[in-house]
Amino acid sequence: MATLPVYRWRLAPDGLATRRQLRAAGLRPGGQDVAAQLERPRRRRGPLIAYLYRIDRARPVRPMTPAKTAALDRANAARRTCPACRNDVGYVIPVSLGMCVPCAYPAADSTSDLPGRGCHVR
Ligand SMILES: [Zn+2]
């Protein structure tokens, strides 16, 4: 492996970024080789050397695939589904209740009857 240029922290030239910096910009190294190394300050724990990548060779983080989106939708639907009445109540079930509000407070539900949203509609 050829010797890589090593830059002092904050003295790296423009056009290079660490993996973390790329990630913050929505980019990833994209299979390119490490372009340089960065000497990090010693006051914090962690590696003293960070790898630098060329920003112009970085690629955008992989966009969401339809399958991934569908899986996320299903996961969100599960979080909106009340385990007591099995309805998708249209909001994420509060962890503190463990069920939808009408199920947790049946008395309150009878006084404020919202059409089309109740747990008792099947
Ligand atoms: Zn419910």
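Above: the structure in question.
Residues numbered from 1 in each chain as written. Predicted model: local features only at pLDDT ≥ 70, side-chain atom pairs only at ≥ 80, totals over all residues. Heavy atoms only, no water.

What should I look at first to understand the side chain of glutamine 32 in this one?
Mapped onto the fold, glutamine 32 is located in the loop between strand E3 (27-28) and strand E4 (36-39). A polar atom in the side chain of glutamine 32 sits 3.1 Å from the backbone oxygen of proline 29. Glutamine 32 has contacts with Tyr53, Arg54, Arg57 and Ala58, leaving out every residue within four places of it along the chain. (Helix = DSSP H or I, 4+ residues; strand = E, 2+ residues; numbered from the N terminus. Polar contact = N/O pair within 3.5 Å; in protein donor to acceptor, adjacent residues only side chain to side chain. Contact = heavy atoms within 4.5 Å.)

Help me understand the pairing of strand E5 (residues 49-54), please; the structure alone is not making it clear to me.
The side chains of a regular strand alternate, residue by residue, between the two faces of the sheet. Note: strand E2 (residues 16-18) against E5, three bridges, orientation antiparallel. Bridge pairing links alanine 17 to tyrosine 53 in E5. Pairing geometry for E4 and E5, over four bridges, is antiparallel. Residue pairing across strands places alanine 36 opposite leucine 52, the latter belonging to E5. (Pairing = 2+ DSSP bridges.)

Everything listed is a geometric property; what it means functionally is a separate question.
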